[in-house]
Each structure stands twice: as structure tokens, then as C-alpha cells.
Amino acid sequence: MKPELFPEDIRDRILPEAGGDLRYDCLKCGGSFPPDALHYTCPACGGLLLLRDHAEGRLRERPGSWWRRLFDHRLMANSQALRGVFCYHEFLAPLIPLEDVVYLGEAHTPAVKAPEPLEKEVGAPFFVKLDGLNPSASFKDRGMAAALSFVRHLVRVQGKRGVMAVCASTGDTSAAAALYSASLGGAVRAAVLLPRGYVTPQQLSQPLGAGASVFELPGVFDDCMKVVERLSEDYDVVLLNSKNPWRVLGQESYAFEVAQQFDWETGDLVLFVPVGNAGNITAILGGLLKLHRAGVIERLPRVTAVQSERANPVFRYYSAAPGSRSYEPVKVRPSVAQAAMIGDPVSFPRLAWLAQEYEAARGPGAFQAVEVTEQDIMDSMILANRTGLTVCTQGGESLAGLRAALAAGLVLPGETAVLDSTAHALKFMEFQNAYFRGELAADYGVSSRPGNVNAPRALELPGIGLPAQGKTLTPEERSVFTVAAARAIASALGLAPKS
Ligand SMILES: *Cc1c(COP(=O)(O)O)cnc(C)c1O
Ligand SMILES: [Zn+2]
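Computed from a predicted model, the values in this text were never measured in an experiment.

Chemist: Looking at this structure, how should I read the overall build of the protein?
Modeler: Check the secondary structure of the protein and you find 18 helices and 13 strands. The C-alpha radius of gyration of the protein comes to 25 Å, within 12% of the 23 Å expected for a compact globule of 499 residues. By its C-alpha atoms, the protein is 80 × 55 × 55 Å across when sized along the principal axes. Taken across its 499 residues, the protein has 55% of its residues classed as buried.

Chemist: Can you walk me through helix 18 (residues 475–493) in this structure?
Modeler: Since the α-helix packs 3.6 residues into each turn, any two residues three or four apart lie on the same face. With 19 residues, helix 18 ought to run about 27 Å at 1.5 Å a step, and its terminal C-alpha atoms sit 27 Å apart, in line with that. Every buried residue belonging to helix 18 is among Phe481, Ala484 and Ala485, and all of these are buried. Along the axis of helix 18, the buried residues cluster in a sector spanning 100°; they form a single face. Those residues of helix 18 that are exposed and aimed more than 90 degrees away from the buried face are Pro475, Glu476, Arg487 and Leu493. Just downstream of helix 18 lies Gly494, where phi reads positive at about 70°.

Chemist: I would appreciate a short explanation of the coordination of the zinc ion (ligand 2) in the present structure.
Modeler: Ideal donor angles around a metal are set by the shape: a four-donor tetrahedron calls for 109.5 degrees, a six-donor octahedron for 90 or 180 degrees. With distances of 2.3 Å, the protein atoms coordinating the zinc ion (ligand 2) are Cys26 (SG), Cys29 (SG), Cys42 (SG) and Cys45 (SG). Relative to the metal, the four donor atoms surrounding the zinc ion (ligand 2) lie at angles of 100 to 115°, and the coordination shape comes out tetrahedral. Taking relative accessible area as the criterion, Cys29 reaches 41% and is therefore assigned partly exposed.

Chemist: Got a minute to help me understand the site of ligand 1 in this structure?
Modeler: Looking at ligand 1, there are 13 residues lining it, with Lys140, Asp172, Asn277, Asn280 and Thr422 nearest. One of the side-chain nitrogen or oxygen atoms of Asp172 is found 2.6 Å away from an oxygen atom of ligand 1. If ligand 1 stood free it would expose 380 Å²; the protein chains cover 97% of that surface. Mapped onto the domain boundaries, the shell around ligand 1 takes at least three residues apiece from domain 1 (111–136 + 252–452) and domain 2 (139–247).

Chemist: What am I meant to see in the domain arrangement of the protein here?
Modeler: Size of an interface: often given as the accessible area lost when the parts come together. For the protein, the domain assignment lists domain 1 (111–136 + 252–452), domain 2 (139–247) and domain 3 (459–499). Counting from both sides, the interface comprises 29 residues of domain 1 and, opposite them, 26 residues of domain 2. Interface area for domain 1 against domain 2, summed over the two sides, is near 2300 Å², with a carbon-plus-sulfur share of 49%. Among the residues domain 1 hides against domain 2, the three largest losses belong to Ser136, Gln338 and Lys427. Together they make up 25% of the total. In this assembly, domain 1 and domain 2 are joined by three salt bridges. Across the pair Arg142 and Glu257 runs a salt bridge, and its minimum N-O distance is 2.7 Å. Scanning the region where domain 1 abuts domain 2 turns up 14 residue pairs in polar contact (both at pLDDT 80 or more). In terms of residues, the side of domain 1 that touches domain 2 owes the most to one element, helix 10 (residues 253–261), which gives three residues. Grouping the amino acids of the side of domain 1 that touches domain 2 by side-chain chemistry returns 12 nonpolar, 10 polar and seven charged.

Chemist: Explanation requested: the nonpolar core in the structure shown.
Modeler: Side chains that are nonpolar tend, in soluble globular proteins, to be buried together. With 108 residues, the main nonpolar core has Leu148, Trp246, Ile281 and Tyr318 as its most contacted residues. Of the residues forming this core, the biggest block, eight residues, is contributed by helix 5 (residues 140–158). The residue makeup of this core includes at least three contributed by each of domain 1 (111–136 + 252–452) and domain 2 (139–247). Residue contacts for Leu148: discarding those within four places in its chain leaves Val102, Tyr180, Ser181, Leu184, Val188 and Leu240. The next biggest cluster of nonpolar side chains, apart from the first, holds 40 residues, and it includes Phe272, Ala339, Leu399 and Tyr435.

Chemist: Please clarify how the packing of aromatic side chains should be interpreted in this entry.
Modeler: Working definition: an aromatic ring pair is given by the centre-to-centre distance plus the angle between the planes. Enumeration according to the criterion identifies 17 aromatic pairs in this entry. Relative to Tyr444, the ring of Phe431 has its centre 5.7 Å away and its plane inclined at 90°; by these criteria the two rings are edge-to-face. Of this pair, Phe431 sits in helix 16 (residues 429–437) while Tyr444 sits in helix 17 (residues 441–444); the two residues are 13 residues apart in sequence, bridging distant segments of the chain. Among the aromatic residues, those joined into a ring-pair cluster are Trp66, Trp67, Phe71, Tyr88, Phe91, Phe256 and Trp264. The residue whose ring lies beneath Arg62 is Trp66, and the NZ or CZ to ring-centre distance is 4.0 Å. Of note, Lys129 hangs over the ring of Tyr254, and the distance from its end group to the ring centre comes to 5.6 Å.

Chemist: Looking at this model, I keep getting lost on the packing of helix 10 against helix 11 (residues 279–293). Mind explaining?
Modeler: Two quantities define a packed helix pair, namely the angle between the helix axes and the distance between the axes. Taken N-terminus to C-terminus, the directions of helix 10 and helix 11 make an angle of 55°; their axes are 7 Å apart at the nearest point. Our classification of the angle between helix 10 and helix 11 gives oblique. The two elements helix 10 and helix 11 cross, and the hand of that crossing is right-handed. Between helix 10, through Tyr254, Ala255, Phe256 and Ala259, and helix 11, the contact on the second element is made entirely by Ile284, Gly287, Leu288, Lys290 and Leu291.

Chemist: Just checking my understanding: could you explain the state of the cysteines for this structure?
Modeler: As used in these notes, a disulfide is a covalent bond between sulfur atoms, one from each of two cysteines. Under the criterion given, the structure shown has zero disulfides. With no disulfide partner, Cys167 has as its closest neighbouring cysteine sulfur the one in Cys224, 9.9 Å distant. Unpaired in this structure, Cys392 has its nearest cysteine sulfur neighbour in Cys167, at a distance of 18 Å. A relative accessible area of 0% means that Cys392 is categorised as buried.

Chemist: For this particular structure, what's the right way to read the pattern of salt bridges?
Modeler: Any two side chains of opposite charge can pair if their charged atoms end up close together. What the rule picks out here adds up to 22 salt bridges. Notably, a salt bridge pairs Arg293 with Glu56, separated by 2.7 Å at the nearest N-O pair. In this pair, Arg293 sits in helix 11 while Glu56 sits in the loop between strand 3 (49–53) and helix 2 (64–74), placing the two residues 237 residues apart along the sequence. Arg293 sits in the partly exposed class, given a relative accessible area of 34%. Owing to a relative accessible area of 12%, Glu56 belongs among the buried residues under this scheme. With a shortest N-O distance of 2.7 Å, Asp379 and Arg449 are connected by a salt bridge. Here Asp379, found in helix 14 (residues 374–386), pairs with Arg449, found in the loop between helix 17 and helix 18; they are 70 residues apart in sequence, far enough to count as distant. Asp379 sits in the buried class, given a relative accessible area of 9%. You can call Arg449 partly exposed: its relative accessible area is 43%. Within this structure, Lys129, Asp131, Arg142 and Glu257 form a network of salt bridges that share partners.

Conventions and cut-offs
- Residues numbered from 1 in each chain as written.
- Chains lettered and ligands numbered in written order.
- Predicted model: local features only at pLDDT ≥ 70, side-chain atom pairs only at ≥ 80, totals over all residues.
- Heavy atoms only, no water.
- Helix = DSSP H or I, 4+ residues; strand = E, 2+ residues; numbered from the N terminus.
- Rg over C-alpha atoms; globule rule 2.2 N^0.38 Å.
- Buried < 20%, exposed > 50% of the residue type's maximum accessible area, 1.4 Å probe, protein only.
- Expected span 1.5 Å × (residues − 1).
- Arc of directions from axis to C-beta.
- Donors = N, O, S within 2.8 Å, 3.2 Å for Na, K, Ca; no water.
- Tetrahedral: all angles 85-135°; square planar, octahedral: opposite > 155°, others 65-115°.
- Near = heavy atom within 4 Å.
- Polar contact = N/O pair within 3.5 Å; in protein donor to acceptor, adjacent residues only side chain to side chain.
- Areas by Shrake-Rupley, 256 points an atom, 1.4 Å probe, with all protein chains shown as cover.
- Domains from an automatic or database assignment.
- Contact = heavy atoms within 4.5 Å.
- Buried area = accessible area lost by both parts, 1.4 Å probe.
- Salt bridge = Lys/Arg side-chain N within 4 Å of Asp/Glu carboxyl O.
- Nonpolar A, V, L, I, M, F, W, Y, C, P; charged D, E, K, R; others polar.
- Core = buried A, V, L, I, M, F, W, Y, C linked by side-chain atoms within 4.5 Å.
- Phe/Tyr/Trp six-rings, centres within 6.5 Å; stacked < 30°, edge-to-face > 60°.
- Lys NZ or Arg CZ within 6 Å of the ring centre and 35° of its normal.
- Axes fitted to C-alpha atoms, helices over the stretch in contact; angles between N-to-C directions.
- Parallel < 35°, antiparallel > 145°, perpendicular 65-115°, else oblique.
- Left-handed = near helix turned anticlockwise from the far one by under 90°.
- Disulfide = S-S within 2.5 Å.

Put into C-alpha cells, the structure is as follows:
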């Protein structure tokens, strides 16, 4: 829709101008630093940083209803820069002018109501937000859109050259980092570090396809992360892990979208989010708090962190009573929710801090954590698929989390759950295939439930030669073959002939 056709009170604001007063705030020493460079840790004390808008008060000069109207109308604006996460420019990274925004088709993913058979099986109404429908097929694109927009901004205003972007990854971060870096042409090169054997072939092919330098390292994600941290301390590289606070800002868009998709009425929602490095859940809590402070939403939804029992430091922390919690990294064991298989989440301090703030704003129980088994993750992923939704293993983890929460009475009467399916199912088909072949038992402790297993059937046609590869059948042979094949399939399916 053309700008001049928007309602008068918002017309001039459909295309936002750069503004706000974003600063890097240190959670540890309270230091505050201007956003004229990339920082990942506090320059003064090494603590974890949050990007906060010190002029956030300006957002309250308008009533919440005005912002809701603005964002709802902005969805109709045909500005490339506003099609993605920057639809929420004023709340996201207002410092970045629209001309620097990188947009590759990310965000505004559908929140799909669970099909009836699925809802029936689970026993509660819920929605699944399909974040696998992003350009590199995971939610990581949200964060990369913001991070690379800031890099592009620095390249333009500071003449920054020869940028080397690096990240460690459980697969999806590297796919997104490589894709978004590639979109800036020669200005930014990407190098990604992956734990050998712990990313799927599809995930490995993604950064290769986008032209990144790909390094496979022995060990697990946590080891790759340490190497990347070392690299960023000793060399001039752009770190694209979620330690990069710009990524966290981009990922806040998930929270804004959920609110918008429920007409900004979030008080009776409970979100389920699979947690690995805790970047995503941090962003979601932060984004929701921001909307709440500005009066865009009146009541915060509740938020549930979901972890596999094989990689569960966040669950362990929150399963203790508030006064006696202590954080311990865990040694991970192989998990089918491989993208969340992290024992020492980099963003844990950020999460603990935000979760506290979240509970202060909505009350006790506003933030909770559940753990799930590998068996439940796989069975939930397959159940979703068999009832009309394709979710990845982490989406299966979200669904398993909802089922665990329902069983434990952690979903309140009248609440609607919204599950984050964080990546596309096709990235993780190896796990489904292994489940069907009965090969997950040894490493993952998952047994294949016969009713869930599926396999292609070879068509046997005794007495009739199958078409040989590359050989064309004569018309007579073809008609004999077609009749016999149709009869065999009908018999296998138990079809009765038409009367
Ligand atoms: C990265 C990732 C996660 C975990 O998100 P964190 O921000 O690391 O907690 C979950 N699912 C998928 C598909 C991912 O790529
Ligand atoms: Zn500090």
C-alpha cells in the first residue's frame, strides 16, 4: 500500500527515521558504552552486554493503541526494509537507518493453530509458530538481519573494510551468518566453526553453499565457542554468536510478532521455547518486557524454557527453589535436539537477569522451565508431522515441553500455548530417518515406536518384468505392467474395485 493512503495520524511515521539512544549496558559493572563499534563483552570488565535504548521513555509519549495501529498498518507497507524484523524499528534497533537494513525475506512467520487431531491428542488448544520458514530455515535469520544491518551501517558510515565475520554453531547460526554475510558481497566474508559430526548434512551444506569458510572441529559446540571467543579477543573479527547483542535485538522480533498475531492480547498465552545457548529466550523475554513497558501489551504472557534432559543447565537452575539456585554448566550427551545441545549457555547471565525482571513484572510463575526426554522429543516431532505440521526436532522439543507442562499442571486454565518450532523439519530429517530405521537407540536412548515407523515399500510384480532402468517399454508391455502394478497397489491398500 502507498504511504499516502495510510490513515493521517500514522502516515508520516510509516517510514521511521533513525533515532533512539541505544547503548551497550554491562550487566556486571553497570558500565554503558556508545554503539559506534561492535562489542561482545564489556570493554571495562568483560561482562555480558545488553543493548538498551536510553531514550525508551519516548515510546511512552504515544499510547499503546497508537503503536498497535502503526505496526498493524506497517505490515501493509511495501518497503523492503520494513518487511522483516525492522517492521518494529522503534522497538528493535532504532539507530539503524532504513537504507542500511539487510532484508532477505526473514520474519513474520505464521503462527498456525494445531490441527484438530493434534490438539485432541495433546489435550489442549495451542499454536505452532513455524520459524523454520525463514530464508536459511531457522529463527537465527532474525538476529542475523539485525547484526548484519549494523555491520552494513558501520561499513557505510565508518568506511569499515575487510570485515571477517565468525561464529561457532550447532548448524543454524552458521547457515544464517553465511547467507546474510554473502548478501553484502565482498564487504563481509564469513568463517564458521562447527563441531564435527554434530551438525546435519543439510546444515553443513548451507554455509558451504553460501561461500563461507567452513571449519570442522573436534569436540562439541561449547568447544567451538571457546575458540571463537579466543579469535575475537586476539583478532579483529565480527563475532556473530548470540553474544553479539545486535542478534538478540533482531530476535526480539519473535516476541513482537507473537503479540501482533494475537491482536496484542498476550495475558492468556504461555510460550514454549527450546533453549540452547539461551540467546533466543533472552530476546523473547526482553522483547516482551519492552512492549509491556511501553503499554503496547497490557499483560505479559508466561514463558516456558524447554530443555532435553541431556543438555539441561537452565532447567536444573530453575528446578531449585528461588533462594537456593546455583548455576552449573553440564556435560552434554548426544541429543536429537542438536541445535540446543549446549551445556554452558553463553547467555545464561542475561537470561537469569531478565527472568527475574520478568517475574517482577508479571508475578511468580511468569517464567518456568521444563525438561523432556529424547524419546518424547522424537515422538512429538513425529506426532506433529502425522497430524499435519512439519516441525524440526527442536519444535518436537517444544511440543514435548507442552505435554510435560500439561502433565505437571504448569499450564493454567484458559491459557493458550504458542510453541516455537525454531527450524525447518527438513534440516533434521536424518533423525527421523534414523528413528524409522531403528538406529537411534544406541546414542540417544530412543526406541522406535512401531506405530510411528514408516518406510517405502518395494513393488513386487511376480511374473511381470519391471521396466529396466533406462529401457523404454513397448506399448503392450506398458499396458501389462500398468494393470499389474495398479492391481498390486490396490491390493496392498485394501481397495475394493469400483462396482
Ligand atoms: C539455535 C537454535 C536453538 C537454540 O537457541 P538458543 O538461542 O541457542 O537458545 C533452538 N533451535 C534451533 C533450530 C536453533 O537453531
Ligand atoms: Zn562491565
